[in-house]
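Here is how the chains run, residue by residue.
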Amino acid sequence: MFADSAYRGNHFCAAVLAKGGIPRIVATGMGCRDEAETLRKLNEWNQPIHRVRARIEKIFGT
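Predicted model only: the values in this text are computed from it and were never measured.

Moving on: the overall build of the chain. Looking only at helices and strands, the chain has 2 helices and 2 strands in total. In the chain, the succession of α and β elements from N to C terminus is β-α-β-α. Since a compact globule built from 62 residues should have a radius of gyration of about 11 Å, the 13 Å found for the chain marks it as more spread out than a globular shape. By residue count, 18% of the 62 residues in the chain fall in the buried class. Restricting to contacts in the chain with at least 6 residues of sequence separation, those with at least 24 account for 20%. Put simply, the chain shows about 5,000 Å² of open surface, and 57% of that area lies on carbon and sulfur atoms. The averaged location of the 6 negative side-chain charges in the chain is 9 Å from the averaged location of its 10 positive side-chain charges.

As structure tokens, then:
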């Protein structure tokens, strides 16, 4: 299940996992202290999610 950061939370993740899905939710921040490391981790997590969501959002935008 691909979603934006509004769906970040235990309730939504638990519901997706209960149905056998994998929550792929955009991350907006991480608890790392080093800014460069945080940005690298965010990009690493979000890039595959953005690829899928961009195709879907383009259809809705049309």
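Moving on to the pattern of salt bridges. Throughout the structure, instances matching the rule amount to 3 salt bridges. For Glu-37, the salt bridge identified is with Arg-40, shortest N-O distance 2.7 Å. Taken together, the positions of Glu-37 and Arg-40, both in helix H2 (residues 35-61) and 3 residues apart, correspond to about one turn of that helix. By relative accessible area, which is 28% here, Glu-37 ends up partly exposed. Residue Arg-40 is classed as partly exposed on the basis of its relative accessible area of 42%. The salt bridge involving Glu-57 is made with Arg-53; its shortest N-O contact spans 3.3 Å.

Attention shifts here to the packing of aromatic side chains. Counted according to the given criterion, the structure contains 1 aromatic pair. Here Tyr-7 and Phe-12 contribute two aromatic rings whose centre-to-centre distance is 5.1 Å and whose plane-to-plane angle is 45°, an arrangement assigned as tilted.

What counts and how
- Here the residue numbers are simple positions, counted from 1 along each chain's written sequence.
- Local features in a predicted model are, by the rule used here, given only for residues with pLDDT of at least 70; side-chain atom pairs are given and counted only at 80 or more, and totals for whole chains, interfaces and linings are based on all residues.
- Note that water and hydrogens are dropped before the side-chain values are worked out from all heavy atoms of the structure.
- To qualify as a helix, a DSSP run of H or I must reach at least 4 residues; to qualify as a strand, a run of E must reach at least 2; elements of each kind are numbered from the N terminus.
- The quantity called the radius of gyration is restricted to C-alpha atoms. Its globule counterpart is 2.2 Å times the number of residues to the power 0.38.
- Each residue's exposure class comes from its accessible area (1.4 Å probe, protein chains only) as a fraction of the maximum for that residue type: buried when under 20%, exposed when over 50%, partly exposed otherwise.
- Contacts: residue pairs with any heavy atoms within 4.5 Å of one another.
- For accessible areas, the Shrake-Rupley method is used with a probe of radius 1.4 Å. Any residue's cover is judged against the shown protein chains and nothing else.
- We score Asp and Glu as negative and Lys and Arg as positive, and we do not count His or the chain ends.
- A charged residue contributes its charge at one atom only: NZ of Lys, CZ of Arg, CG of Asp or CD of Glu.
- Any Lys or Arg side-chain nitrogen located within 4 Å of an Asp or Glu carboxyl oxygen qualifies as a salt bridge.
- Put simply, two rings from Phe, Tyr or Trp (the six-membered ring, in Trp's case) pair if the centres are within 6.5 Å, and we call them stacked under 30 degrees between planes, edge-to-face over 60, tilted for the rest.

Interpretation note: all reported values are geometric properties and have no functional meaning in isolation.
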